[in-house]
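Observations on the model geometry
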Amino acid sequence: MKITAVDLFYLRMPNITTAADGTQDTLLVRVRTDTGLEGWGECDASPLVSMTVYCCPMSHGNIINIRTSLIGETLDSPSDVLRLSEQVLRNGLDIQQIQHAYSGAEIALWDVIGKKLDKPVYRILAEMSGTSDTAHPKLPYASVLFGDTPEATYEIASGLREQGYRAAKFGWGPMGKFGEANDIALVRAAREGMGPDAQIMIDAGVVWGTDYETAYTRAEAFAEFSPTWLEEPLAPDAVDAYGALTEKHPSVPIAAGEGSSIYRMAEDLIVNGGIQFVQIDAGRIGGIMPSFRVRQLAEQHGIQYVNHTFKSHLSLASSLHVFATNPDFDLLEYPAAGSELSQRLVKNPFQVDPDGMVRVRELPGLGVDMDTETIRPYLAPVRIEVGADTVYEQTPI
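Throughout what follows, the structure given in this document is the object of discussion. (Residues numbered from 1 in each chain as written. Predicted model: local features only at pLDDT ≥ 70, side-chain atom pairs only at ≥ 80, totals over all residues. Heavy atoms only, no water.)

A separate point is the pairing of strand S9 (residues 277-280). Going residue by residue along S9, you find Phe277 and Gln279 tucked away on one face and Val278 and Ile280 tucked away on the opposite face as well. Crossover strand S8 (residues 254-256) to S9 through helix H10 (residues 263-271) is right-handed. Sheet analysis places S9 next to strand S10 (residues 304-307), joined by 4 bridges and oriented parallel. The residue of S10 that forms the bridge with Val278 is Tyr305. (Buried < 20%, exposed > 50% of the residue type's maximum accessible area, 1.4 Å probe, protein only. Helix = DSSP H or I, 4+ residues; strand = E, 2+ residues; numbered from the N terminus. Right-handed = clockwise from strand over helix to strand, strands pointing away. Pairing = 2+ DSSP bridges.)

So, on to the sheet that holds strand S1 (residues 3-12). Strand order in the open sheet made by the 3 strands is S1-S2-S3, with antiparallel pairing throughout. Pairing within the sheet leaves two strands with one partner each, and these edge strands are S1 and strand S3 (38-43). Each adjacent strand pair in this sheet contributes to an overall mean axis angle of 20 degrees, direction not counted. Here strand S2 (residues 25-33) pairs with S3 via 6 bridges, running antiparallel. In the strand pairing of S3, Leu27 is matched with Cys43. Each of S1, S2 and S3 touches helix H4 (residues 98-117); the most contacted strand, S3, lies at about 150 degrees to it. (Axes fitted to C-alpha atoms, helices over the stretch in contact; angles between N-to-C directions. Contact = heavy atoms within 4.5 Å.)

So, about empty space enclosed by the protein. Within the structure shown, the criterion is met by 1 cavity of 30 Å³ or more. When its volume is computed, the largest cavity comes out at roughly 40 Å³. Lining the largest cavity we find Thr23, Asp25, Thr26, Glu42, Lys311, Ser312, Leu341, Ser342 and Leu345. Residue assignment for the lining of the largest cavity shows that the elements contributing at least two residues are S2 and helix H13 (340-343). Tallied by class, the residues present in the lining of the largest cavity amount to 2 nonpolar, 4 polar and 3 charged. (1 Å grid on protein atoms, 1.4 Å probe; cavity = no way out; pocket = protein on both sides within 12 Å on 5 of 7 lines; lining within 4 Å. Points joined across faces, edges and corners; volume = space filled by probe spheres on them. Nonpolar A, V, L, I, M, F, W, Y, C, P; charged D, E, K, R; others polar.)

Ile66, Leu70 and Phe170 are the most contacted members of the largest nonpolar core, which has 118 residues in total. Ranked by residue count, the leading element in this core is H4, at 10 residues. Setting aside its immediate chain neighbours within four residues, Ile66 contacts Val53, Tyr54, Val88, Ile98, Ala101, Tyr102 and Ala105. (Core = buried A, V, L, I, M, F, W, Y, C linked by side-chain atoms within 4.5 Å.)

This paragraph deals with the packing of aromatic side chains. Inspection of the entire model under this criterion finds 7 aromatic pairs. Note on Tyr165 and Tyr334: the rings are 6.2 Å apart at their centroids and 50 degrees apart in plane angle, and the pair reads as tilted. One end of the pair, Tyr165, is in the loop between helix H6 (150-162) and strand S5 (167-171); the other, Tyr334, is in strand S11 (residues 331-335), with 169 residues separating them in the sequence. The class for Tyr165 is buried, based on a relative accessible area of 12%. The lysine or arginine in question, Arg293, covers the ring of Tyr263, its NZ or CZ lying 3.9 Å from the ring centre. Between the NZ or CZ atom of Arg361 and the centre of the ring of Phe350, over which it lies, the distance is 4.2 Å. (Phe/Tyr/Trp six-rings, centres within 6.5 Å; stacked < 30°, edge-to-face > 60°. Lys NZ or Arg CZ within 6 Å of the ring centre and 35° of its normal.)

A few words on unusual backbone geometry. One non-glycine residue, Ser226, lies in the positive phi region at around 55 degrees. Positive phi values are uncommon outside glycine, yet Glu232 reaches one of about 40 degrees.

Counting across every chain of the model gives 24 salt bridges. When the shortest N-O distance is used, the salt bridge between Glu73 and Arg83 registers 3.1 Å. In this pair, Glu73 sits in the loop between helix H2 (66-70) and helix H3 (78-91) while Arg83 sits in helix H3, placing the two residues 10 residues apart along the sequence. We classify Arg83 as partly exposed; its relative accessible area is 31%. Residue Arg83 pairs with Asp80 through a salt bridge whose shortest N-O separation is 3.2 Å. Taken together, the residues span about one helical turn, with Arg83 and Asp80 both in helix H3 at a distance of 3 residues. (Salt bridge = Lys/Arg side-chain N within 4 Å of Asp/Glu carboxyl O.)

Following both chains from N to C, one finds helix H7 (residues 180-194) and helix H8 (residues 212-222) inclined at 40 degrees, their axes separated by 10 Å at the closest point. Here H8 runs oblique to H7, going by the angle between their axes. Read as a crossing pair, H7 and H8 show a hand that is right-handed. Residues Glu180, Asp183, Ile184 and Val187 of H7 form the contact with H8, whose own contacting residues are Thr217, Arg218, Ala221 and Phe222. Looking at the contact of H7 with H8 residue by residue, the classes come out as 4 nonpolar, 1 polar and 3 charged. (Parallel < 35°, antiparallel > 145°, perpendicular 65-115°, else oblique. Left-handed = near helix turned anticlockwise from the far one by under 90°.)

What is shown is where atoms sit, not what they do.
The structure is reproduced here in structure tokens:
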């Protein structure tokens, strides 16, 4: 079959705030074929910047946009996805955001192939890697922001416990901005709200930059509350600082990796940063296959792979297929407090089963269906012009 269209859809909430909430807008990518099969993917990046990577006019042989590289190409097998990915990245060699933007299309290509082969994506990945195709349930941890105060954080945590969550991650907000005592109070509130038996994770939101000494001090202070990890205490590219931090063997394990927009960034954090949990966003790193390669690297190094998903259940699906077959990677970041847009993106969001676990679906492709009618009101029309030429005009969803 041939790829006939690569459609882009910029969706946004009516009001965008400065909160560290990536669910306020999004870029969806739809890949259509001449057989009628279509696939969907989502980018976790600045939507309008990413859109230009799909349609910018050619500058020379190393700046060719993603749509030009894909439309008209053959898509019949997993090997075609790998071939097309190589072609897209080679043609866009000098486009600095190429992997980040391409994530949505790459995910959509896997969705198409899964539907063509009538298999869930995780089974195709297992066949390609020669590993078991048995899927294992994951424990969802509700992913939320800290409240503005410890008291607000306690209320958020209590609410999650009442909903039945056995794990939750609290991040960003005031963490690291008002001194050590406030940071400790926030973590204490999260622990007290979730109760003594739940897992809690702390996301510092890169607040200490390269200051690994402060990150170490906070990790030791937080240890009293038994968090599963301290996430992104340092900047995404502060690999040397991560190495210095982990060499001090803090009492709380260190997690990072969501900022990896290419495989090598994640590899650097694992090999040289010494992190114990690597968190990968399929919508940032280039899609499903680069994420799967990081999963394999985590297995080789004996560390934990965890998805990063603070987006929609379309993103959750793409992330879950990557590590569904590894029983030891048993934690799943679960978007629990996103915008109305993110919650309504698919018709069949992943539910937490009665045993408190989330399972990948035995459905072709990603296993989720887009709710195009419901999300249409969030569509922000886009037309990109260069001189008298229309470079791209968003098609109806």
